[in-house]
Amino acid sequence: MAIISSPRRTVSDIKTHSGRGSRDHEVYRDYFQVGALELERWRRAKEREVASLRVASIDSRIAEIDKEKELLLANAAAACAMTNNKGGSSSVVSQQSSGHKIKY
């Protein structure tokens, strides 16, 4: 049997070109990054547009609520004024029940 003079080869002995390239020659990575940034910018712009529409919708609803509130308060004030005018001209006193009367 012959004596083996060289050591056995393993995975770490395989020669590759990995890690030898410089980032200067990989321009495609920069273009890919630019494309990814453009997509993110587009998504953020859409997000802003949707949020602006939502805020506008909320503002319009608040304005509707204020108008409806003013209308209801005006109607209530008119009803109170009408009741007070009727009560002042006639001297009719309404009788209220004094609660339950129990006889023992």
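Cut-offs used in this document
Residues numbered from 1 in each chain as written. Predicted model: local features only at pLDDT ≥ 70, side-chain atom pairs only at ≥ 80, totals over all residues. Heavy atoms only, no water. Helix = DSSP H or I, 4+ residues; strand = E, 2+ residues; numbered from the N terminus. Buried < 20%, exposed > 50% of the residue type's maximum accessible area, 1.4 Å probe, protein only. Salt bridge = Lys/Arg side-chain N within 4 Å of Asp/Glu carboxyl O.

A. Representation of the overall build of the protein within the structure. A count of helices and strands for the protein gives 1 helix and 0 strands. Counting every position in the protein, which comprises 104 residues, the buried fraction comes to 0%.

B. Region of the structure containing the pattern of salt bridges. Using the criterion set out here, one finds 3 salt bridges in the structure. A salt bridge links Glu47 to Arg44; its shortest N-O distance comes to 3.4 Å. On the criterion of helical spacing, the pair formed by Glu47 and Arg44 is a turn pair, its members being 3 residues apart in helix α1 (residues 27-89). Across the pair Glu64 and Arg61 runs a salt bridge, and its minimum N-O distance is 3.3 Å. Taken together, the residues span about one helical turn, with Glu64 and Arg61 both in helix α1 at a distance of 3 residues. Residue Glu64 is classed as partly exposed on the basis of its relative accessible area of 45%. Put simply, Glu40, Arg44 and Glu47 are held in one network by salt bridges that share partners.

In short, the description is geometric, and any link to function would need to be established separately.
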